[in-house]
Amino acid sequence: MLKMLHPVEVLSRLPPFVLDGLNIMELPPSAANFATQVKTERFSGSAAVLTVTWGAVCVIAALGVFGGANLTAAAIAGLVVAAVGAALAARMSTQPSTAAKASEPETPANQPFEDAVEAVPDPLLVVGAEEPDDLAGKRLVFANAAARALLRIPREGALLLSAIRRPEVLEAVDESLFGGLSGNVSFETGGAQDRFWRVWTAPLPSRGVKRLCVILMRDETDSRRNERMRADFLANASHELRTPLASLTGFIETLRGHARDDEAARDRFLGIMGVQADRMARLVDDLLSLSRIELNEHIRPEGACDLGLAVSDVVDALGLIAKEKDVTLSLAAPPKGAAVVVGDRDQIVQVIQNLADNALKYSPRGGVTKIEVTAGLTLAEASATDPRSPRLISADGGRLSLLTPDRTEERLYVCVKVTDQGPGMERRHLPRLAERFYRVEGQKSGDRQGTGLGLAIVKHIVNRHRGGLWVESAPERGSVFAAYFPSAAAQASGIPAAAVEAPAPAEAPRVIRAAS
Amino acid sequence: MSEHTLKFFGDELTQLKAEVTRMGGLVEAQVSDSVECVARRDVGLAQIIVGRDVKIDELQKEIERKAIRMIALRQPVAQDLRRTVSALKMAWNLERTGDQAKNIAKRALVLAEAEPLTPLTRAIERMGKLVVSHLKEALDAYTNSELERGLAIWSADEDVDEHYNSLFRELLTYMMSDPRTISPCAHLLFIGKNLERIGDHATNIAEILHYEMTGEDIHGDRPRRLGADGDHFHGDDR
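Throughout what follows, the structure given in this document is the object of discussion. Please read all numbers here as calculations on a predicted model, not as lab measurements.

The helix and strand inventory of chain A stands at 17 helices and 14 strands. Every one of the 516 residues in chain A was classed for burial, and the buried ones make up 41%. Taking the contacts inside chain A whose residues are at least 6 apart along the sequence as the reference set, 74% of them involve residues at least 24 apart.

Written out as structure tokens, the structure is:
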């Protein structure tokens, strides 16, 4: 199907959104050579502008091919493609023969252009249709790599409606197909990670009865998110900082007034003021780290992190606090290398740290806090719990998923589960746990008061990693918090059974006895 | 000869499903926009939503007409019949989902005149996001005939109910502590109920998908965990 469509035509219809500030002449020498070659071989008579444009298209192809998976190269390619599109579009308005010239029969020289369209980092689709009302006749003639990954569709032949349902986009596509108009719409998708998309549509020259148009999607989540975050951050910060600030001001008044010469009172007040100032500092830290995480939430981390090692690091670091509280930390993790997940190590450590911190905070003296890591779970297994759990049998207890990842094909997960023997919570509190500043009434978290952001941070980090989070709790029966992350190991399908079995919980759990 | 007829019928079925999908897309947009207009106090958007509901009703009638015509003319059996009937059921379900979204938008118009109750609208927004993601998953599952994906949504509806219960309590607390908030809170309560119903419709879509593909209802109580007693649902998984 793609054969009848020259990629240059596709490129030429892309929106002119990044033309400014890009000079095609400043391309690397190798690209310039490429351009000259193309010029002498095929377009010796063409206008200079056209040649340069063609050369630039080749450069994109070259970048796409040699740059491989290199994100920067792909991004540059995207810019150049767009610029080329703009240049060609401007040209074509005065010289309609360009398209005809470009769509010569297939030669090897066409390959770079196909590759170029394929390498555009934004999802790009070409739709073909004959009748406006024939919904089943509107099919994708071509979907580039980014579009295939995003919409889970094949390279060609998918129904337009199975790729895109959004009514605004469908209308714009119809206008391009049958009205010859270019369109520009934006929309927000639901799902675990919100995304804002801007979509351009433009008609392509039709082939016989078949009408064609191109759709380009661009992720504008970054800028939209920035706007919202700023407003949310200000609202959160000002509201929560007011309380400790009021208390500080109160004490300063007192110290200036009648407590000025009372040494004992002064010491005590300064102590309280110190605690409040600490709290404000922690709050600001947490708020800042939360907004940092939220800003990147839609960008999947790329590194790898051994969850087993991360957990044992956290356990070591918390040993002292556990000792002070006389709480035993027990750790069960698979051997090194068996529980590697895709992720940002610092953030994953923060997740474990926050969960373990909470467990310790609410544990009674002499209690046990268990941390288990289990690898090789399917999504159903990772989000499942033991039906015989005492917390589920309890009338007031319950279990709730605080975050469920979008389903992806046969992915495996590694789960870290933290169980405490604390006071537990009623079922009704569970939906609001990951809410900012939510506190379960009547619970004492001890002398070191939290910021109320711990679980919100956990949730956002886990969401960024495309993982999940659930909680199970019942009054007087303790709580379990579990976070699971996509495994870096092979996919579930095609993995030998032995490999799945291997990372089962280690037989001899390592126990740190705090109270020796 | 018969092959031609069958192929033609197959095309008609694909067409019917495409129309249901288009209607689904419209309803999905209505629901997410309705949550948005409550959260952002967007009066203009709310009015657009109310206006667009007519379009959904038209689509429902059209699908109904086509499906009945197909049943009458082609007298489909087995899976063909189920696919036709499913399209009918989907249209009814989606139409009601659209009505819920319209109701939310109408209430948003009223709420926009009162003082903002930020923490509460945030709770609605949170619940709305959850419901929108369920509806999206259910429609994705239906569009691509993914049985297991549908079942996952079917068993996840409990989460929506939990959110609704928690919202209910939160609203009661507000109303008791400050009677001036009773009127807006009552509207928010109904919005919560509408969202909860939309969540139910998402599970209905999963049920319709299951019926279309297997010819059976999903039996048993809503399973809490797929892994435990629901193993037969994903037999092709391993």
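There's more to say after this.
Okay, the overall build of chain B next. Along the backbone of chain B there are 8 helices and 0 strands. Counted from the first residue to the last, chain B has its helices and strands arranged as α-α-α-α-α-α-α-α. Taking all 238 residues of chain B together, the buried fraction comes to 47%. In chain B, 81% of the contacts between residues at least 6 apart in sequence involve partners at least 24 apart.

Time to look at the environment of Leu-241 of chain A. Residue and element names in this part refer to chain A. Mapped onto the elements of the fold, Leu-241 is located in helix α10 (residues 221-256). Separated by 38 residues in sequence, Leu-241 and Arg-279 have C-alpha atoms that sit 9.1 Å apart. Excluding its chain neighbours within four sequence positions, the residues that come into contact with Leu-241 are Met-280 and Leu-283.

Residue and element names in this part refer to chain A. Relative to the helices and strands, Gly-424 resides in the loop between β11 (413-419) and α16 (454-464). Once the C-alpha coordinates of Gly-424 and Val-440 are considered, the two residues, 16 residues apart in sequence, prove to be 10.0 Å apart. In contact with Gly-424, not counting residues within four places along its chain, are Ser-473, Ala-474, Pro-475, Glu-476, Arg-477, Gly-478 and Ser-479.

At the interface, 33 residues of chain B touch 26 residues of chain A. For the side of chain B that touches chain A, the elements supplying multiple residues, two or more each, are α1 (2-40), α4 (118-143), α5 (147-154), α6 (157-177) and α8 (226-229) of chain B. Here the side of chain B that touches chain A takes 13 residues from α1 of chain B, the largest share from any one element. Its residues assigned to classes, the side of chain B that touches chain A comprises 9 nonpolar, 13 polar and 11 charged.

This paragraph deals with the pairing of strand β12 (residues 468-473) of chain A. All names here are of chain A. Burial runs high along β12: 6 of the 6 residues are buried. Here β12 shows two buried faces, one formed by Gly-468, Trp-470 and Glu-472 and the other by Leu-469, Val-471 and Ser-473. Of the strand pairs in this sheet, strand β10 (residues 398-403) and β12 are connected by 5 bridges, and their pairing is antiparallel. Note on β12: the bridge partner recorded for Ser-401 is Trp-470. Pairing of β12 with strand β13 (residues 479-486) involves 6 bridges; the strand directions are antiparallel. Within β13, the residue paired with Gly-468 across the bridge is Tyr-484. Between the end of β12 and the start of β13, which pair antiparallel, lie 5 residues, with Glu-476 showing a positive phi angle near 70°.

Criteria and cut-off values
- Residues numbered from 1 in each chain as written.
- Chains lettered and ligands numbered in written order.
- Predicted model: local features only at pLDDT ≥ 70, side-chain atom pairs only at ≥ 80, totals over all residues.
- Helix = DSSP H or I, 4+ residues; strand = E, 2+ residues; numbered from the N terminus.
- Buried ≥ 20, exposed ≤ 12 C-beta atoms within 10 Å, placed from the backbone.
- Contact = placed C-beta atoms within 7 Å.
- Nonpolar A, V, L, I, M, F, W, Y, C, P; charged D, E, K, R; others polar.
- Pairing = 2+ DSSP bridges.

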